[in-house]
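# Coordinates in review
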Amino acid sequence: MTKLTSAAEMARSVGVDPKAFRRALGDAQFPWQHQLNGDWDVELDSPEHSSMRTVLVTLLKKRKKP
């Protein structure tokens, strides 16, 4: 069975605002980007999920800088 996760779930799991995360995902302009105003649902451990994690880590690192 395929397990999915969403941008909102990923963001909330690490204390990031889901809207800020979705905005950063949109700015990343992935070739597989979702439809405008659509959900960012991806399969766990897929290449897309990995790309989204990278963006999320970048947001976390920016937030921790003084």
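Residues numbered from 1 in each chain as written. Predicted model: local features only at pLDDT ≥ 70, side-chain atom pairs only at ≥ 80, totals over all residues. Heavy atoms only, no water.

Our focus in this paragraph is the packing of aromatic side chains. The full count for this structure, using the stated rule, is 2 aromatic pairs. Relative to W32, the ring of F30 has its centre 4.8 Å away and its plane inclined at 10°; by these criteria the two rings are stacked. On the accessibility criterion, F30 (16% relative accessible area) is buried. Overall, W32 belongs to the partly exposed group, its relative accessible area being 26%. (Phe/Tyr/Trp six-rings, centres within 6.5 Å; stacked < 30°, edge-to-face > 60°. Buried < 20%, exposed > 50% of the residue type's maximum accessible area, 1.4 Å probe, protein only.)

Turning to helix α2 (residues 18-28), its buried residues are P18, F21, A24 and L25. Burial along α2 is one-sided: seen end-on, the buried residues are contained in an arc of 125°. Opposite its buried face, α2 presents the exposed residues K19, R23 and D27, each directed more than 90 degrees away. Taken together, the buried residues of α2 touch α1 (7-13) and α3 (47-64). (Helix = DSSP H or I, 4+ residues; strand = E, 2+ residues; numbered from the N terminus. Arc of directions from axis to C-beta. Contact = heavy atoms within 4.5 Å.)

Position of S6 among the secondary structure elements: in strand β1 (residues 4-6). A polar atom in the side chain of S6 sits 3.1 Å from the backbone nitrogen of E9. Apart from residues no more than four positions distant in its own chain, S6 is found in contact with W40 and D41. (Polar contact = N/O pair within 3.5 Å; in protein donor to acceptor, adjacent residues only side chain to side chain.)

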